[in-house]
Amino acid sequence: MSAAPAVDVDQAIETQKVGRFSIRIIVLMGLMMLTEGYDLGALSFAAPAIGRAWGIGRGALGPAFGAFVFGTMLGAFVLGYLGDVIGRKRTILIGSVILAVLTLAVVFASDLRTLLVLRFIAGIGIGGVVPNAIAYMTEFAPRRLRATWVTLMYTGYSIGTGLGGVVAAWMIPHFGWQAIFVIGGVGPLLAAVMLALWVPESIRFLALKGRRADEIARVVSRLHPGKVFNAQMRFVVGSEASGAQHARLRQLFAGRLRRITPVLWAVYVANSMALFFLVSWLPMLIEAIGVLPERAALVSSAFSVGGTIGGLALMRFVDTRGALIVAVLPVIGCPLVAALGANIPEGMLIAAVFMIGFCVIGTQFGLNAVAAMVYPTALRAKGVGVAVGIQKIGAIAGPVIGGALLSLHWPVSALFYFGAVPVGLVAIFAFALGMLHRQDDPERPEHAPHAAGSA
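These numbers were taken from a predicted model, which means no experiment stands behind them.

Peer 1: I tried to follow the overall build of the protein on my own but got confused; where do I start?
Peer 2: Assigned secondary structure in the protein consists of 17 helices and two strands. In summary, the protein has a C-alpha radius of gyration of 22 Å against a globular reference of 23 Å for 455 residues, a match within 12%. Its C-alpha atoms give the protein principal-axis dimensions of roughly 80 × 45 × 35 Å. Per-residue burial for the protein yields a buried fraction of 61% across its 455 residues. Nonlocal contacts in the protein, meaning residues at least 24 apart in sequence, comprise 84% of its contacts between residues at least 6 apart. Total accessible area computed for the protein in this model is approximately 17000 Å², and 69% of it derives from carbon and sulfur atoms. Separation of charge centres in the protein, based on 34 positive and 20 negative side chains, amounts to 3 Å.

Given below as structure tokens:
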């Protein structure tokens, strides 16, 4: 009896016909990320109204922001690991349901302790969705388009965060702060249903685990219309070394990764400190410099709009120029953040907030694409999940320290100086990461044997 013919899933993905099937995956994953991004910013946009309704000070919500971020840290570790065990799609659905249910529960919160607990558990859900979504998109994209596809998907995250400002400006005066969380809970549920029905599991993951050959055959047939594939074929992942399906967390520091992983963590921590400080407190700080509350939410939305455009502007450069290009944006963003507390007209303020979002969120887009590129399939969700988890050190510190400084009644200008420091560190670490990735890229021809040995 002749052996079943082998099909290299890597080659099938690299040579795929990019069409309706690929676009559907990008759009649906982008919609999922939109709901996640909305929930990320929900509390920051509701914070001024909650503070007024509960009669609490500006810095009192700092622990709730920190608890949410700490939950995302735990979710990134636990569900990132789970994604490499049960699959990207299943884990994304689990995280989305957790996020949806706990966000809806915030509607019934009436004190800080309840809010803190609910946001912590909701954070576990969103923390697990993000690394698995990045891993999923990377595994469906051909190498020449990986950063582009990851960025297009992640654009939904940034749009969702900015959408919260628009929703808050219109909904809160009419329906109260609770309306923000009703929308934030229903959105992930609807997105989860669409993913469950219309998006397949990662075929790289399935082939590496030796699972569901029938599903792999159907998906590969969609990628290559006119060719015949069936479950009797043997599907393999050509770029992965033998035994890669049993990869362990310690291999994040094996071979070429022993240098890349720590630097990746450092740049993630620094950028997330700046990003979460701004996401959490920007609406309140904009109010503090004299902008009306209903205008402050809209001004703050320029941050997310700028971030979306920044990520889109960067994506093709990452695909063609590599990780080093990520270092450009924080060099521009650092002085802009420091200058934001100056007394400037509202038009210039909006432009400055837009450009800061362009740089800070745009850098995050680039980092997500690079993080997924540096790890092999067997380690991708773990590697990205741990990196996204580690970054929460900065993400927790940013809003918590910001809240503490607000409580000390520091000048607004001093708070923006604080926000500029980690952006400067991002520029340094991103440059180092780019140089290391350029030297050790496992998919460059001269590094292929080394990569196989360290996978």
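Peer 1: Can you walk me through the packing of helix α6 (residues 146-175) against helix α13 (residues 346-374) in this structure?
Peer 2: Any two packed helices are characterised by the angle at which their axes cross and by the distance between the axes. It is at 9 Å that the axes of α6 and α13 come closest, and there the two elements cross at 135°. In terms of orientation, α6 lies oblique with respect to α13. Handedness of the crossing formed by α6 with α13: right-handed. Contact residues: R146, A147, V150, T151, Y154, T155 and S158 in α6; I361, Q364, F365, N368, A369 and M373 in α13. Residue composition of the contact of α6 with α13, grouped by class: seven nonpolar, five polar and one charged.

Peer 1: Where do I start with the domain arrangement of the protein in this structure?
Peer 2: Many analyses report the size of an interface as the accessible area lost when the parts associate. Assigned domains within the protein: domain 1 (1-237) and domain 2 (250-440). The C-alpha centroid of domain 2 is placed 20 Å from the C-alpha centroid of domain 1. Taken together, the contact between domain 1 and domain 2 spans 50 residues of the former and 51 residues of the latter. For the pair domain 1 and domain 2, the two sides together bury roughly 4100 Å², of which 72% comes from carbon and sulfur. Between the two partners, domain 1 and domain 2, sit two salt bridges. One salt bridge connects R380 with E139, and the closest N-O pair in it is separated by 3.4 Å. Taken together, domain 1 and domain 2 are joined by nine residue pairs in polar contact (both at pLDDT 80 or more). Elements represented by at least two residues in the side of domain 1 that touches domain 2 include exactly α2 (20-54), α3 (62-86), α5 (112-140), α6 and α8 (203-209). For the side of domain 1 that touches domain 2, the element with the most residues is α6, which contributes 15 residues. The class makeup of the residues in the side of domain 1 that touches domain 2 is 24 nonpolar, 17 polar and nine charged.

Peer 1: What's the story with a nonpolar patch on the surface in this structure? I'm lost.
Peer 2: Together, V328, V331, I332 and M355 line one region of the surface with nonpolar side chains, adding up to about 320 Å² of accessible area. Note that V328 resides in helix α12 (residues 328-339). Among the residues examined, V328 registers a relative accessible area of 43% and is labelled partly exposed.

Peer 1: Mind showing me how you'd approach the packing of aromatic side chains here?
Peer 2: The description of two aromatic rings rests on the distance between their centres and on the angle between their planes. In total, this model carries ten aromatic pairs according to the counting rule given. For the ring pair W54 and W177, a centre distance of 5.8 Å and an interplane angle of 90° mean the geometry is edge-to-face. In this pair, W54 sits in helix α2 while W177 sits in the loop between α6 and α7 (178-198), placing the two residues 123 residues apart along the sequence. Relative accessible area serves as the criterion here: at 22%, W54 is assigned to the partly exposed category.

Peer 1: Mind showing me how you'd approach the nonpolar core here?
Peer 2: Nonpolar side chains tend toward joint burial in soluble globular proteins. Membership of the largest hydrophobic core comes to 151 residues, with the highest contact counts inside it found for M29, I180, F181, I203, F235, F303 and V353. Among the elements that take part in this core, helix α10 (residues 257-288) stands out by supplying 21 residues, more than any other. Counting contributing residues, this core receives three or more from each of domain 1 (1-237) and domain 2 (250-440). The contacts of M29, once residues within four sequence positions are left out, are I92, A133, Y136, M137, M153 and L195.

Peer 1: Sorry, what's going on with the state of the cysteines here?
Peer 2: Covalent bonding between the sulfur atoms of two cysteines defines a disulfide. For the coordinates displayed, the defined rule picks out zero disulfides. With no disulfide of its own, C334 lies 10 Å from the sulfur of C359, the closest cysteine sulfur. According to the relative accessible area criterion, C359 is buried, its value standing at 1%.

Peer 1: I tried to follow the pattern of salt bridges on my own but got confused; where do I start?
Peer 2: Opposite charge on two side chains permits pairing when their charged atoms draw close. By the definition in use, this model includes ten salt bridges. As a salt-bridge pair, D10 and R204 come within 2.5 Å of each other at their nearest N and O atoms. With D10 in helix α1 (residues 9-14) and R204 in helix α8, this pair connects stretches of sequence that are 194 residues apart. Owing to a relative accessible area of 7%, D10 belongs among the buried residues under this scheme.

Rules used throughout
Residues numbered from 1 in each chain as written. Predicted model: local features only at pLDDT ≥ 70, side-chain atom pairs only at ≥ 80, totals over all residues. Heavy atoms only, no water. Helix = DSSP H or I, 4+ residues; strand = E, 2+ residues; numbered from the N terminus. Rg over C-alpha atoms; globule rule 2.2 N^0.38 Å. Buried < 20%, exposed > 50% of the residue type's maximum accessible area, 1.4 Å probe, protein only. Contact = heavy atoms within 4.5 Å. Areas by Shrake-Rupley, 256 points an atom, 1.4 Å probe, with all protein chains shown as cover. Lys, Arg positive; Asp, Glu negative; His and termini not counted. Charge placed at Lys NZ, Arg CZ, Asp CG, Glu CD. Axes fitted to C-alpha atoms, helices over the stretch in contact; angles between N-to-C directions. Parallel < 35°, antiparallel > 145°, perpendicular 65-115°, else oblique. Left-handed = near helix turned anticlockwise from the far one by under 90°. Nonpolar A, V, L, I, M, F, W, Y, C, P; charged D, E, K, R; others polar. Domains from an automatic or database assignment. Buried area = accessible area lost by both parts, 1.4 Å probe. Salt bridge = Lys/Arg side-chain N within 4 Å of Asp/Glu carboxyl O. Polar contact = N/O pair within 3.5 Å; in protein donor to acceptor, adjacent residues only side chain to side chain. Patch = residues over 30% accessible without salt bridge, like charges linked within 9 Å, V, L, I, M, F, W, Y side chains within 5 Å. Phe/Tyr/Trp six-rings, centres within 6.5 Å; stacked < 30°, edge-to-face > 60°. Core = buried A, V, L, I, M, F, W, Y, C linked by side-chain atoms within 4.5 Å. Disulfide = S-S within 2.5 Å.

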